Amino acid sequence: MTTTVARVLRVAVAVLIVAAVAATWAEAASRVTVNPFNLLGYFTIQSNLVLAAAYLLSVLLAGRLSPETNTLLRAAATTYIVIVGLVYATLLAPLGAAGGVPVAWANAALHIVTPIYGLLDWILFRDRVRLPYSRLWVVLVYPVVWLVVVLIRGATDGWVPYPFLDPKTGYGPVGFYVVAITVVFVLFGLLVFWVSRFRGRRPEVVL
């Protein structure tokens, strides 16, 4: 019964994410010519899409996707989406409309609903295995690559997704935020892995 509820909720969240991203795209397209590299370059958008993909894969490939791979994918997605909520609450929400998505319901869905659900899903549903801390590096690959790409774009074509990563503010402040974000990823990744070990149904495996 619990597994069924989890699958239904995950599909619903995935559908909500796709709808919110589509609404955001449509709103932008009604005003300007959309540059997909910019619109899809936001960590919020990417992390939500990663969460939707992880949830859909866990449902559609149930029984074919190994429990270890399934758990690692959802662990990574959970880490990313919780950080989205944290960064939004602390750094972006105070900026008002400039810190979020123009479509109000989509902004709430991508910045508030999915981070809260992602955390609760990971804590409450136990359809996962215990993750060894030696695999934490897998969770860090994507955000590190994202940060590198953002810094390169900021230094070349001038586009940055968030004001605190804008090189115009100086590389000192940007460097501080990069280090801080990296530390947050490590800490939340460790927390997510710890929860899997604390409430995991199966013995630890080496992936």
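In this text, all values refer to a predicted model and were calculated from it rather than measured experimentally. (Residues numbered from 1 in each chain as written. Predicted model: local features only at pLDDT ≥ 70, side-chain atom pairs only at ≥ 80, totals over all residues. Heavy atoms only, no water.)

A. Structural view of the overall build of the protein chain. Counting secondary structure elements, the protein chain contains seven helices and zero strands. The C-alpha radius of gyration computed for the protein chain amounts to 17 Å, which stays within 12% of the reference 17 Å derived for 207 residues, consistent with globular compactness. C-alpha atoms of the protein chain, sized along the principal axes, occupy 50 × 35 × 30 Å. Considering the protein chain as a whole, with its 207 residues, one finds that 43% of them fall into the buried category. Pairs at least 24 apart in sequence give 78% of the contacts found in the protein chain among residues at least 6 apart. Accessible surface, the protein chain as shown: approximately 10,300 Å² in total, 73% of it carbon and sulfur. Treating the 15 positive side-chain charges of the protein chain as one cloud and the 7 negative ones as another, the clouds have centres 9 Å apart. (Helix = DSSP H or I, 4+ residues; strand = E, 2+ residues; numbered from the N terminus. Rg over C-alpha atoms; globule rule 2.2 N^0.38 Å. Buried < 20%, exposed > 50% of the residue type's maximum accessible area, 1.4 Å probe, protein only. Contact = heavy atoms within 4.5 Å. Areas by Shrake-Rupley, 256 points an atom, 1.4 Å probe, with all protein chains shown as cover. Lys, Arg positive; Asp, Glu negative; His and termini not counted. Charge placed at Lys NZ, Arg CZ, Asp CG, Glu CD.)

B. Representation of the packing of helix α3 (residues 43-60) against helix α6 (residues 136-156). Between α3 and α6, the shortest axis-to-axis distance is 12 Å and the interhelical angle comes to 155 degrees. Taken as axis vectors, α3 and α6 run roughly antiparallel relative to one another. Judged by the twist between their axes, the crossing of α3 over α6 is right-handed. Taking contact as the criterion, the partners of Phe43, Gln46 and Ser47 in α3 are, on α6, Tyr142, Pro143 and Trp146. Here the residues of the contact of α3 with α6 are counted per class, giving four nonpolar, two polar and no charged. (Axes fitted to C-alpha atoms, helices over the stretch in contact; angles between N-to-C directions. Parallel < 35°, antiparallel > 145°, perpendicular 65-115°, else oblique. Left-handed = near helix turned anticlockwise from the far one by under 90°. Nonpolar A, V, L, I, M, F, W, Y, C, P; charged D, E, K, R; others polar.)

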